[in-house]
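Descriptive analysis of the structure
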Amino acid sequence: MRRSSARKGKYVCVPERHINLPESCISTILSFTTPRDVSRLAAISRLFRSAADYDSVWNKFIPPQCYEILPRAVISIQFNSKRELYFRLCHTIFIDSGRKVLAGAIDRENRLHAICKNIRD
C-alpha cells in the first residue's frame, strides 16, 4: 500500500494495485520532481523504486556542463547509472591536476557550481 498525503496531515492509503500507470510513465513524472522527492517516493513501493532507477529520471537532475568536468577530474569518476553519477557529483571533486576543487559540485537547485576554488601550493 502507498500512503498519500491528504489535507490537514491525514493520510489516505492507496493500494499499489490501483496504480495503473506503466513504470516508464511514473519515471517521467518523477523526473519533474526533485532528487529528494524521487528518493522519498522510491521508498513507497517496488513500483516507484523501479521507476526511480531509470536513467531518464536522474539525467534531468545532472547539469549538462558536468560532462565537461568529468574528464578533468583527478580521480576518475566511475558510475554505473545516472543516479550514481548524480550522488558522486554531490561530493568534492578535484580537477585540473588537483589545482582546483569543486566542493559539492551540484547544489540544491541542481546547478553545477561555476566557481572553482584554486588550491594554494
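Reading guide: rules and limits
- Residues numbered from 1 in each chain as written.
- Predicted model: local features only at pLDDT ≥ 70, side-chain atom pairs only at ≥ 80, totals over all residues.
- Heavy atoms only, no water.
- Helix = DSSP H or I, 4+ residues; strand = E, 2+ residues; numbered from the N terminus.
- Polar contact = N/O pair within 3.5 Å; in protein donor to acceptor, adjacent residues only side chain to side chain.
- Contact = heavy atoms within 4.5 Å.
- Buried < 20%, exposed > 50% of the residue type's maximum accessible area, 1.4 Å probe, protein only.
- Arc of directions from axis to C-beta.
- Core = buried A, V, L, I, M, F, W, Y, C linked by side-chain atoms within 4.5 Å.

Residue position: Lys82 is located in helix α6 (residues 82-89). Polar side-chain contacts of Lys82 include one of 2.8 Å to the side chain of Tyr67. Those residues in contact with Lys82, other than ones at most four positions away along the chain, are Asp55, Trp58, Asn59, Ile62 and Tyr67.

Turning our attention to α6. Within α6, the full set of buried residues consists of Lys82, Leu85, Tyr86 and Leu89. Along the axis of α6, the buried residues cluster in a sector spanning 100°; they form a single face. Buried positions along α6 lie against α2 (35-42), α4 (55-59), α5 (66-69) and β3 (93-95).

To continue, consider the nonpolar core. Judged by nonpolar contacts, the single largest core of 23 residues is most densely connected at Ile26, Leu30, Val38 and Leu89. Of all elements in the fold, only α1 (23-30), α2, α3 (46-52), α4, α5, α6 and β3 reach the threshold of two or more residues within this core. The element contributing the most residues to this core is α3, with four residues. In contact with Leu30, other than residues within four places in its own chain, are Val38, Leu41, Phe48, Ala51, Ala52, Val57 and Phe61.

So, about α2. Considered for burial, the residues of α2 that qualify are Pro35, Val38 and Ala42. One side of α2 carries all its buried residues, which in axial view fall inside an arc of 60°. Residues Arg36 and Arg40 are exposed on α2 and point more than 90 degrees away from its buried face. Looking at the buried residues of α2, the elements they touch are α1, α3, α4 and α6.

Everything listed is a geometric property; what it means functionally is a separate question.
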